[in-house]
Amino acid sequence: MERYINEIRQIVGDGEKLAYVRSFGCQLNISDGEKIKGMLKNAGYSFTDDENKADIIILNTCAVRENAEDRVFGIVGSMKKLKEIKPSLIIGISGCMTAQEHIAEKIKKSYPQVDFVVGTSALSSMPKLLLDCLNGQKFGADIAEYEDFSEEAEQVRESGFKASVPIMFGCNNFCTYCIVPYVRGRERSRRQEDIVSEVKNLVHNGYKEIMLLGQNVNSYGNDSGRKNAFPELLRELNNIEGDFIIRFMSSHPKDASKELIDTIFECDKVAKHLHLPLQSGSSDVLNRMNRRYTAEKYLETVDYIRSKDSQFSLTTDLIVGFPNESDEDFQATLDIIKRVKFDNIYSFIYSKRSGTKAAEMTDFTSDEVKGQRMRKLLEFQREISSENYRRFIGRKMRVLVDDVSKKRDGFVSGKSNEFIIVEFEGDKSLIGQFVDVEIIDSMNWAVSGRMI
Ligand code: SF4
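Predicted model only: the values in this text are computed from it and were never measured.

> Can you walk me through unusual backbone geometry in this structure?
Among all residues save glycine, negative phi is the norm, and among peptide bonds the norm is trans. Cis geometry marks the peptide bond from M249 to S250; its omega dihedral reads -5°. Backbone geometry at N324 places phi at a positive 65°, although glycine is not the residue there. The class of N324 is partly exposed, set by a relative accessible area of 29%. A positive phi angle, near 55°, is found at K341, a position not held by glycine. For K341, the position within the fold is in the loop between α12 (327-340) and β14 (344-349).

> Just to check I follow, could you spell out the sheet that holds strand β7 (residues 162-166) for this structure?
Strand-to-strand pairing in sheets goes through backbone hydrogen bonds, with the strands running parallel or antiparallel. Read across the sheet, three strands follow the order β7-β10-β11 without closing on themselves; strand pairing throughout is parallel. Strands at the two margins of the open sheet, each flanked by one partner only, are β7 and β11 (245-249). Each strand axis lies, on average, 25° off the axis of its neighbour in the sheet, ignoring direction. Strand direction decides the pairing type here: β7 and strand β10 (residues 209-213), joined by five bridges, are parallel. Each bridged residue has a counterpart across the sheet, and for V165 the counterpart in β10 is L212. Along the sheet face, helix α7 (residues 192-204) touches β7 and β10 and points at about 170° away from the line of β7. Where helix α8 (residues 229-238) meets the sheet, its contacts fall on β10 and β11, and the angle it forms with β11 comes to roughly 160°.

> How should I be thinking about the packing of helix α9 (residues 258-266) against helix α11 (residues 295-308) in this particular structure?
For any two helices packed against each other, one specifies the inter-axial angle together with the distance between the axes. Their axes nearest at 11 Å, the elements α9 and α11 cross at an angle of 25°. It follows from the interaxial angle that α9 and α11 lie roughly parallel. The element α9 and its partner α11 pack so that their crossing is right-handed. The residues of α11 that touch α9, namely those facing K258, I261, D262 and F265, are T301, Y304, I305 and K308.

Rules and cut-offs
Residues numbered from 1 in each chain as written. Predicted model: local features only at pLDDT ≥ 70, side-chain atom pairs only at ≥ 80, totals over all residues. Heavy atoms only, no water. Buried < 20%, exposed > 50% of the residue type's maximum accessible area, 1.4 Å probe, protein only. Helix = DSSP H or I, 4+ residues; strand = E, 2+ residues; numbered from the N terminus. Pairing = 2+ DSSP bridges. Axes fitted to C-alpha atoms, helices over the stretch in contact; angles between N-to-C directions. Contact = heavy atoms within 4.5 Å. Parallel < 35°, antiparallel > 145°, perpendicular 65-115°, else oblique. Left-handed = near helix turned anticlockwise from the far one by under 90°.

In structure tokens:
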């Protein structure tokens, strides 16, 4: 890879050519986008946010929803004009979409403005594809499954104080609605010492939030037969000196062990919040989703957490309108929301994803009913969040400020240890700092307070 990068640098010069990299989808993909930027930076490119000025455009795509794919095809289509204006422009497509052979073929056939496609597990081939392109080759593609990007790959991080650190790649779970295992392959864990050394460096360089990423972080280390490797990793990271917070996602409920929960409570730097994707409150639907836990098992995990701290913050993902979700199934979801009292939910109406098992299921539930259920769910959760957030009034919360408030002038916004949005009066000099805030008011999406 190094050889190709050096050769590209000789062609493009030092910082004169501009790259535009746009990543779609989940945080793992955004992290891949940061590695792509690292590679381009080493190859001599600078960056622009304006695709009209770019000499190279990389669209780092997501395949989770079919309409996201349609959107990318729309963007690629509109880039034909850019290529006509600037024929030397290079357009590359990477990410989960291109890891599917039929998509790579479609791009080659129907989008001649695209110069190369590269799959998620073949990112290390990008320098070679780019070099071939600079040397006049018409179209290049590599969607094979190799090892993941090398440990030495540099990243150009989007933030100077929040860093994502992938700890594993791929997924073995094959939930019936999900395309990820088909496009990101089987689980591969990074070596613990490499992760620890990366986090040490980040903390040394002033990063305040470390987000550990994986499709299911709880199965970290399983591929090498290690038991409880994730709690062990958390404990080791917690021992790193410095003022920072550790978060992680996603955590599959079937693998959320007592050891993991105990570790969250024992480690002072690990955030006191757990995102535990429920998806449905009906065990029957969960079975058809191949989630491999029941609603009862999920509640046992919640009860264990709440036996340690009755106020512990939980958030979740929910899919509304999975094929043939009945009124009773939907009611079971509402019941569990009422019982658990999540601080926040991230909900989606089920959308069929070709290539998955669920896409072959017949579905008798109308779009209208699914829409009605979604509205009901959101209304239901708004009331719960509103009631829940009142528990923070009078408390002191430690907040990592991440931006100025979009809603109120003169206010800044950040996330508390419990992953609650906190707003308070302040200016942008506070961005990237931990601030103690006394909470004085609550809404259904955030709390607000005053800096102590
Ligand atoms: S755990 Fe399920 S939903 Fe998550 S990435 Fe794997 S297959 Fe997809």
